[in-house]
Amino acid sequence: MVNKSAITEITNKEQDVINARMGIALTIHMALIAMIYIGPYPQPLAIFMTLFLALNLVGVLMIAAGSARAGSWLFLVGSIGFIPIGLVGATGARAMLDEMNRTQFDKGA
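Residues numbered from 1 in each chain as written. Predicted model: local features only at pLDDT ≥ 70, side-chain atom pairs only at ≥ 80, totals over all residues. Heavy atoms only, no water.

Within the chain one finds four helices and zero strands. The long-range share in the chain, meaning contacts at least 24 apart out of those at least 6 apart in sequence, stands at 58%. A total of about 6800 Å² of accessible surface is found on the chain, and carbon and sulfur atoms cover 73% of it. (Helix = DSSP H or I, 4+ residues; strand = E, 2+ residues; numbered from the N terminus. Contact = heavy atoms within 4.5 Å. Areas by Shrake-Rupley, 256 points an atom, 1.4 Å probe, with all protein chains shown as cover.)

What follows is the structure, given as structure tokens:
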């Protein structure tokens, strides 16, 4: 017999770690954008990177609003513009999507 409360507890802990990774990535992305605007970098680079940051922000807002799947995908796409540091956020978003797929599969099985 499987202890469902233990599974729920593990799932909730995993969800907290995923959100932390996405939060850390978002903070790093905002710091990078600030450094690009302050530093001697070309203006088109700043605009290009700001578009990816906007995708991240919209993704986080969608997750907070309850549309976690679409928000995670937007965050994943937004993290691509910040490679290699964007991998932190991309792995967090991908792990969130994987967890949703596992949960959906478990409900159907």
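That was the structure; now back to the text.
Before going further, it helps to spend a moment on a nonpolar patch on the surface. A grouping of Val77, Ile80, Ile83 and Leu87 is seen on the molecular surface, where their side chains present a nonpolar patch of about 360 Å² in accessible area. Mapped onto the elements of the fold, Val77 is located in helix 3 (residues 68-80). Given the relative accessible area of 38%, Val77 is considered partly exposed. (Patch = residues over 30% accessible without salt bridge, like charges linked within 9 Å, V, L, I, M, F, W, Y side chains within 5 Å. Salt bridge = Lys/Arg side-chain N within 4 Å of Asp/Glu carboxyl O. Buried < 20%, exposed > 50% of the residue type's maximum accessible area, 1.4 Å probe, protein only.)

As a further point, take the packing of helix 3 against helix 4 (residues 87-108). Taken N-terminus to C-terminus, the directions of helix 3 and helix 4 make an angle of 155 degrees; their axes are 8 Å apart at the nearest point. One finds that helix 3 runs roughly antiparallel with respect to helix 4. In this structure, helix 3 meets helix 4 at a crossing whose hand is left-handed. The segment helix 3 lies against helix 4, with Ala68, Arg69, Ser72, Trp73, Phe75, Leu76 and Ser79 engaging Gly89, Ala90, Ala93, Arg94, Met96, Leu97, Met100, Asn101 and Gln104. Each residue belonging to the contact of helix 3 with helix 4 can be placed in one class, and the counts come to nine nonpolar, five polar and two charged. (Axes fitted to C-alpha atoms, helices over the stretch in contact; angles between N-to-C directions. Parallel < 35°, antiparallel > 145°, perpendicular 65-115°, else oblique. Left-handed = near helix turned anticlockwise from the far one by under 90°. Nonpolar A, V, L, I, M, F, W, Y, C, P; charged D, E, K, R; others polar.)

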